[in-house]
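Residue-level listing of the chains:
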Amino acid sequence: MVTKSKLHPRNQHSEGYDFVRLMAQTPELEAFTVSNPVGQTTIDFQDVNAVRMLNRALLKTHYGIDFWGIPAGYLCPPIPGRVDYIHYLADLLADSNNQEVPRGRHIKVLDIGTGASLVYPLTGQSEYGWHFTGVDIDAGAIKSARQICEFNKLAITLRRQSKRENIFRGVIQPNEAFHLTMCNPPFHGSLEKANKGTQRKWANLGKGRSTKLNFGGRNAELWCPGGEIQFIARMVEQSIEFADQCLWFTSLVSKKDNLQPLSRILKRARVADYKVVEMAQGQKTNRFIAWTYTRKKHHSLFAKRAPA
């Protein structure tokens, strides 16, 4: 694995935020701007309303989304880091496509836990023209995502997962095939651990004790029994049933210590290949794990078999 020192080369946010351009597209953003100690324009990232307005401006300016909003309490994700995942997934597909990133609606992507923000389908469809199917267990999240799609006239498929213990079951239909699945799993094992994680984050930033989540988040978005490792383990277990219907299964992994046990789980599942892709995002390094049951020599055939 090669550790990257900055955002993906194709990431539109690799040089930071152009507030002049953003405010030109979304004038309401100006009311939330402040100056940092060196006189640069920024926002207060502890202010959830400021973060939401920044996201609105980013999505409009860079991804052509005229309307975007989410209900109070839902996760408001940082756009640059999220879209990095999309770009590295594009590279993953390019590896079996003569190093050319495949574009267009014939590329099918399943987004597990798409959320009220719909951030992956919005950015991925804009960047590469892929067709996304977004899945969530939360009815409010699906309602919000549907409103975003309807207002912006976007052809994104949305499905509600009715059973909490299921990830792919009940979502992937018998006649469907996907080139990619993606997921930002809940990474805490309990609400208590989620709050402690928030306190540590603010302490590291020199903000003292706080339980305030600047990016929001409801229970299902932040924690589940067993945390991220249990969630991904269940994902691997269920992926076996759909081995012939998905080329690459992937998931973000927030904790590096989880990679070793997840590797053992993947070996037991007898996958044809798996890899860890690291992504540097500011001072933090994030990563995702990807696995496939399709041998590399057959990857190019999968694209031809996947229904358009």
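Attention here is on the structure that accompanies the text. (Residues numbered from 1 in each chain as written. Predicted model: local features only at pLDDT ≥ 70, side-chain atom pairs only at ≥ 80, totals over all residues. Heavy atoms only, no water.)

Our next topic: the pairing of strand E4 (residues 131–136). The buried count for E4 comes to six of six residues, which makes it a mostly enclosed element. The side-chain alternation of E4 yields two buried faces, one formed by His 131, Thr 133 and Val 135 and the other by Phe 132, Gly 134 and Asp 136. For the crossover from strand E3 (residues 108–112) across helix H4 (residues 119–128) to E4, the handedness is right-handed. Inspection of the sheet shows E4 paired to strand E5 (residues 157–160) by four bridges, in the parallel sense. Bridge pairing in E5 places Thr 133 opposite Thr 157. (Buried < 20%, exposed > 50% of the residue type's maximum accessible area, 1.4 Å probe, protein only. Helix = DSSP H or I, 4+ residues; strand = E, 2+ residues; numbered from the N terminus. Right-handed = clockwise from strand over helix to strand, strands pointing away. Pairing = 2+ DSSP bridges.)

To continue, consider the sheet that holds strand E7 (residues 246–252). Taken in spatial order, the seven strands make up an open sheet running E5-E4-E3-E6-E7-E9-E8, and their pairing is mixed. Either end of the sheet is taken by a strand with one partner, and the two such strands are E5 and strand E8 (273–281). Direction aside, the axes of adjacent strands within the sheet are offset by 20° on average. Pairing of E3 with strand E6 (residues 178–183) involves four bridges; the strand directions are parallel. Paired with Ile 112 across the strands is Cys 183, a residue of E6. Contacting E3, E4, E6 and E7, H4 crosses the sheet at an angle of about 175° to E4. Of the strands in this sheet, E6, E7 and strand E9 (284–292) are in contact with helix H8 (residues 227–239), which crosses E7 at around 175°. (Axes fitted to C-alpha atoms, helices over the stretch in contact; angles between N-to-C directions. Contact = heavy atoms within 4.5 Å.)

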